[in-house]
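The lines below spell out each chain.
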Amino acid sequence: MSHVTFAIWPFFVPLLICANAWLQSALFHHQFNIFSYGNFTQDAERQLAVTKLKSFALDGPVNCVFRCIGEPQCLSFNLAAHPDSNGFYQCDLLASDKYRAAAKDFQANGAFHHYSPWKGGRDWKMKYLGNNAMEPTYYTHKHSWDAPTIELQDFLIELFIIRSPCRQTPCQNSGTCIPSYELNSYRCICAPGFAAFHCERKGKSCSEIKHYSPQATSGSYVIDPDEEGSQGPFTVFCDMTDKNGVGVTIISHDSEARTRVKGYEASGSYVRNVYYTATGLTGLSQLAFLADVSTHCEQFIKYECSGTLLFRGNVSWWVSRTGAKMTYWGGATPADHNKCACGVTSPNSCANTAYGCNCDKNDYTFREDSGLLKGKSHLPVMQLRFGDTGGNGEEGFHTLGKLKCYGMQ
């Protein structure tokens, strides 16, 4: 780049004439405050209603641009559409912009125009490098000639080209590109339901959808846990507020209601097969993939009993997704053989401390064993098996909650 020395004022006058064009012109603050530049796009009669960094009454619109560029935390600004009775314009500097803020905060308002960093094309801009003892000066201009440099004593004002990292529209499926001018990079905010760096595919889980779409709300989504492999996508409900808003995938089934067990005396003679229900769900392998791509899975399970055993005497169990017989209950771990939540406390808190579950006291008082199953390699529960309910006063009730998975592997 050639360096040409000019006098500052002859060059500055035509720039003033172009003040309106400057305002139509992305924003960068050097980490050591050596220089800054700005390039903004106007949204007429719109206001970003977020907390203000600073507010000024200025004698010209272009000064609001200078204030934002000179403020390290400023990412955009609201500027009064018209001057007040004294000829001053209200200028509100903001620590967010329309790409980062919630959609509800970007509001129609005839009294203001909003300016956020421009994301496309290319422009000439001027940057100021200079002595920290003096107030910085900032300029922006559009031209097509070679970029000159203006040197004046210990100042350096340089025209140069900056290309937006988002200029090639890299985000797919209606994703929004957020430029990072400091790093000459970008990130994509995906439209809810899509995921990956460029939003190029369906999310594998609700947690992945939430990760790539922070704005996603609770509702039904199509997920594809094996990432377009041999298993097809299916529809789930995503709870985007539970578990601190990580995005919880929820799968329903046909055995969620409290169900009575009576008249089955032999061990495991009561059989309840569990069928999971979701549009597009055709096999267990899809749920296995969901568990594999999630950090955690859980399922609530409860047995209410009167005069009937649970694990004592090998009377009851549940069956895992691999077809294995499981002899631990909600609140216990896979290593806790024949135990429920009360049996893993210290000390044992079961109705009869000689056993690992309340129901194994086997009296005619209604008792309960319940809790969350969390061994994700065993989930979901595919079958419930009970017995010891054939005699007078012997009965039980089972309840099985929805499958919930969350987190990203």
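- The protein is annotated in an unreviewed UniProt entry as Contactin-associated protein-like 2 of Acropora cervicornis.
- Of the comments in the UniProt record for the protein, the one headed Subcellular location (unreviewed entry) reads "Secreted".

**Details of the overall build of the protein**
So, point 1. Helix and strand content of the protein: six helices and 29 strands.
So, point 2. Burial analysis of the protein (409 residues in total) assigns 49% to the buried set.
So, point 3. Just so you have it, the protein exposes about 19,200 Å², and 51% of that area is on carbon and sulfur atoms.

**Re the sheet that holds strand E21 (residues 270-273)**
So, point 1. Strand order across the open sheet formed by four strands is E21-E27-E24-E25, with antiparallel pairing between neighbours. The open sheet terminates on both sides in strands that have one partner only, identified here as E21 and strand E25 (325-326).

**Some thoughts on the pattern of salt bridges**
So, point 1. This structure, assessed with the given rule, holds 13 salt bridges.
So, point 2. A salt bridge links glutamate 227 to arginine 201; the shortest N-O distance between them is 3.4 Å. Taken together, the positions of glutamate 227 in the loop between strand E17 (219-223) and strand E18 (234-239) and arginine 201 in strand E16 (residues 201-202) put the pair 26 residues apart, joining distant regions of the chain.
So, point 3. Classification of glutamate 227 as partly exposed rests on a relative accessible area of 39%.
So, point 4. When salt bridges that share partners are traced, they join Arg201, Lys204, Glu208 and Glu227 into one network.

**Comments concerning the environment of threonine 399**
So, point 1. With respect to the helices and strands, threonine 399 occurs in strand E28 (residues 395-400).
So, point 2. Taking relative accessible area as the criterion, threonine 399 reaches 15% and is therefore assigned buried.
So, point 3. In this structure the C-alpha to C-alpha distance between threonine 399 and glutamate 304, which are 95 residues apart in sequence, comes to 8.6 Å.

**Section: the nonpolar core**
So, point 1. In this structure, Tyr276, Leu310, Trp318 and Trp329 are the most contacted members of the largest nonpolar core, which totals 40 residues.
So, point 2. Where this core is concerned, the elements lending two or more residues are helix H4 (206-212), E17, E18, helix H6 (284-293), strand E23 (296-306), strand E27 (383-386) and strand E29 (403-406).
So, point 3. Among the elements that make up this core, the one with the highest residue count is E23 (four residues).
So, point 4. Setting aside residues up to four positions removed in sequence, leucine 310 forms contacts with Tyr303, Val315, Ser316, Trp329, Cys340, Cys357, Cys359, Asp360, Asp369 and Phe386.
So, point 5. Ranked by size, the runner-up nonpolar core spans 13 residues in total, among them Ile69, Cys74, Tyr89 and Tyr115.

Thresholds applied
Within every chain, residues take consecutive numbers counted from 1 along the sequence as written. Where totals are concerned, whole chains, interfaces and linings use all residues; where local detail is concerned, this predicted model gives features only for residues with pLDDT of at least 70, and gives and counts side-chain atom pairs only at 80 or more. Calculation of side-chain values draws on the structure's entire complement of heavy atoms; hydrogens and water are dropped beforehand. UniProt positions are given in the numbering used here, feature names are shortened, and annotations may be inferred rather than shown by experiment. Counting from the N terminus, the helices are DSSP H or I runs at least four residues long and the strands are E runs at least two residues long. The buried label applies to any residue whose accessible area, calculated with a 1.4 Å probe on protein chains only, is under 20% of its type's maximum; exposed applies above 50%, and partly exposed to all values in between. Per-residue accessibility takes into account occlusion by the displayed protein chains alone, with areas from the Shrake-Rupley method and a 1.4 Å probe. Only when DSSP finds a minimum of two bridges between them are two strands counted as paired. A pair is scored as a salt bridge if a Lys or Arg side-chain nitrogen falls within 4 Å of a carboxyl oxygen belonging to Asp or Glu. Within this scheme, the nonpolar core is defined by two criteria: the residues are buried Ala, Val, Leu, Ile, Met, Phe, Trp, Tyr or Cys, and they are joined through side-chain atoms within 4.5 Å. In this description, contact between two residues means that some pair of their heavy atoms is separated by no more than 4.5 Å.

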